[in-house]
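# Understanding the architecture of this molecule
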Amino acid sequence: MTFHATVLTLYPEMFPGPLGVSLAGRAREEGTWDLEAIQIRDFAADKHRTVDDTPAGGGAGMVLRADVLAKAIDFARERMGEKILRDTGRGSADEVGGRGARGVLQVLSDERGEEPRVPLHHPADGPPPRSGEDFTVPVIAMTPRGKPLTQARVRELAAGPGVIVLCGRFEGFDERIFAGRYVEEVSIGDIVLSGGEPAALMLLDACIRLLPGVMGAASSGAEESFENGLLEYPHYTRPAEWEGRTIPEVLRSGDHAKIAAWRKLQSEVDTRLRRPDLWERHDGVRVQPASGARRETKDLDQ
Ligand code: SAH
C-alpha cells in the first residue's frame, strides 16, 4: 500500500525538494509513497487570496487564519480518503467522491471486518478517539509549541496509510484550528525555523525511510539511535589507521559476543554523557557503573 503524504503550505514549490532524490526519490518513483503539496492560499475567500491577519491583542507579525486553514484541511482529508479507498480497490475517486470521511471509515471497517477505527477524523464525527486508539491518518501541524517529535511517533505514522502535514509561516497558526480540526501539534526541536516546510520535510523523511523496501536490510533499524531509547554506538570503517587514529581493537577481534557487549556499553555511555535526558527516561538495565564506562570511552581516544 502506498503511504500518502499531503502537505499544506504557502510554498508548494519546496516539495518534494530533498525528498525527490536518493532513497526517498526512488521510493516515490516506485510508488511506495506519494506526495501532494497543496497551496493554502487556494482556500482564501477574497480576491487577494489573503491567508493571514494581524494578531489579536497586538504585536508584531501575522497569524494564519483558522477559517482558511480549516478549508484546506477539510479538502486534504477528503482527498486522502479517496486515495485510501482507491488503494483498497473499492472504487474510483468518482465513485467515492462525496462520501466523505464517514464513508471512508465505514468502507474500510467493512473491508477489514473490524470495528470502525476512525481512519480519517472529521469534526462532524465528534471528538477524536482517546489515546490507545490512533487516528490512522493524522493531521500534524509543525510548530515549536508542539510535542517534540520522537522516533516512536515516526514509527506509528509510517505504519499508517499516510499523514497530512500543515506548515506554518509568519507567527504561526490561529490557536483555534488545533481543537477545531483535531490537529496534532508537533515540534522538531527547540529551535525556531522561518517556516514549517523544512520541519515537514524532516518528518516525512523520517517516515519514508521506514516504509517497507526503502532501506532494504538496513531498515530493520533495531539498533539505531532512539530505537531502544539510547543513542547508537559509534561506527568505524577502513582504513584501519587514519592520521594516527586506530579502530578500537575489539571491533577487529571477530568475536561477535564481545563486539555486541562493547557496542551496548558504548551506546549506554554515550547516551549518559551526551543525552542525560534520554538516559533518565531509559528504563533498561543499568549494569555499567560510570567509572567503568569512562575507562572504556578513554580507550577509544588512544
Ligand atoms: N511565533 C512562533 C514561531 C513561528 S515560526 C513561536 O514563537 O512559537 C514560523 C513557522 O515555522 C511555524 O508556524 C512553524 O510551522 C514553523 N516552525 C518553526 N520552528 C519550528 C519547530 N521547531 N518545529 C516545527 N515547526 C517549526
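### Looking at the sheet that holds strand β5 (residues 139-148)
Overall, parallel pairing links the five strands, which are arranged β2-β1-β6-β5-β7 in an open sheet. What marks the edges here is a single partner per strand, and that holds for β2 (33-39) and β7 (184-187). The average angle at which neighbouring strand axes cross in this sheet is 35 degrees, direction not considered. Strand direction decides the pairing type here: strand β1 (residues 3-9) and β2, joined by seven bridges, are parallel. Within the sheet, the bridge partner assigned to L8 lies in β2 and is I38. Along the sheet, helix α7 (residues 197-208) contacts β1, β2, β5 and β6 (162-167); its crossing angle with β6, the most-contacted strand, is approximately 165 degrees.

### Structural notes on the pairing of β2
Burial within β2 is extensive, with five of its seven residues counted as buried. As a crossover connection, the stretch from β1 through helix α1 (residues 22-29) into β2 is right-handed.

### Some thoughts on the pattern of salt bridges
A complete count under the given rule lists 16 salt bridges for this structure. Put simply, R153 and E184 hold a salt bridge, and the shortest N to O gap is 2.8 Å. Linking R153 in helix α5 (residues 151-159) with E184 in strand β7, this pair joins segments that are 31 residues apart in sequence. Notably, a salt bridge pairs R281 with D277, separated by 3.5 Å at the nearest N-O pair. Separated by four residues within a single helix, R281 and D277 lie in helix α9 (residues 276-281), roughly one turn from each other.

### A short note on the site of the ligand
In the vicinity of the ligand there are 19 residues, among which M142, G168, G189, I191 and L193 approach most closely. Within the backbone of I191, an N or O atom sits 2.8 Å from a nitrogen atom of the ligand. Contact with the protein chains removes 86% of the 560 Å² of surface that the ligand exposes when unbound. Elements that contribute at least two residues to the shell around the ligand include exactly β5 and β7. Looking at which element gives the most residues to the shell around the ligand, the answer is β5, with three residues. Considering only residue class, the shell around the ligand consists of nine nonpolar, eight polar and two charged.

### What to know about the pairing of β6
Moving residue by residue along a regular strand, the side chains alternate between the two faces of the sheet. Among the six residues that make up β6, six are buried, leaving the element largely enclosed by the rest of the structure. Both faces of β6 are covered, namely the face carrying G162, I164 and L166 and the face carrying V163, V165 and C167. Bridge analysis of β5 against β6 gives four bridges, and the strand direction is parallel. If you follow V139 over to β6, its bridge partner there is I164.

### A closer look at the side chain of R153
When its relative accessible area of 18% is taken as the criterion, R153 is described as buried. Excluding residues within four positions of it along the chain, R153 makes contact with P138 and E184.

### Observations regarding the environment of K71
With respect to the helices and strands, the residue K71 is situated in helix α2 (residues 66-87). By relative accessible area, K71 is classed as partly exposed at 44%. The spacing of K71 and I40 is 31 residues in sequence and 8.7 Å in space, taken between C-alpha atoms. Setting aside its immediate chain neighbours within four residues, K71 contacts F43 and A45.

### Overview of the nonpolar core
Membership of the largest hydrophobic core comes to 29 residues, with the highest contact counts inside it found for W33, M142, L204 and I208. When residues of this core are traced back to their parent elements, those giving at least two are β1, α1, β2, β5, α5, β6 and α7. Considering each element in turn, this core owes the most residues, eight residues, to α7. In this structure M142 touches V165, L166, G168, F173, V186, I188, G196, A199, A200 and L203, once residues within four positions along its chain are discounted. Residues V139, L166, F173 and V183 belong to the second largest nonpolar core, which totals 25 residues.

### Here we look at the environment of A260
Here A260 shows up in helix α8 (residues 256-274). As a C-alpha pair, A260 and V250 span 10 residues in sequence and 9.8 Å in three-dimensional space.

### A short note on α7
In an α-helix, one turn spans 3.6 residues; hence positions three or four apart end up facing the same way. When the terminal C-alpha atoms of α7 are compared, their 16 Å separation across 12 residues agrees well with the 16 Å that a helix rising 1.5 Å per residue should span. Of all 12 residues in α7, nine are buried; the element is thus mostly enclosed. For α7, every residue scored as buried is listed here: E197, A199, A200, L201, L203, L204, A206, C207 and I208. In this structure, the buried side of α7 is in contact with β1, α1, β2, β5, α5 and β6.

What counts, and where the lines are drawn
- Residues numbered from 1 in each chain as written.
- Predicted model: local features only at pLDDT ≥ 70, side-chain atom pairs only at ≥ 80, totals over all residues.
- Heavy atoms only, no water.
- Pairing = 2+ DSSP bridges.
- Helix = DSSP H or I, 4+ residues; strand = E, 2+ residues; numbered from the N terminus.
- Axes fitted to C-alpha atoms, helices over the stretch in contact; angles between N-to-C directions.
- Contact = heavy atoms within 4.5 Å.
- Buried < 20%, exposed > 50% of the residue type's maximum accessible area, 1.4 Å probe, protein only.
- Right-handed = clockwise from strand over helix to strand, strands pointing away.
- Salt bridge = Lys/Arg side-chain N within 4 Å of Asp/Glu carboxyl O.
- Near = heavy atom within 4 Å.
- Polar contact = N/O pair within 3.5 Å; in protein donor to acceptor, adjacent residues only side chain to side chain.
- Areas by Shrake-Rupley, 256 points an atom, 1.4 Å probe, with all protein chains shown as cover.
- Nonpolar A, V, L, I, M, F, W, Y, C, P; charged D, E, K, R; others polar.
- Core = buried A, V, L, I, M, F, W, Y, C linked by side-chain atoms within 4.5 Å.
- Expected span 1.5 Å × (residues − 1).

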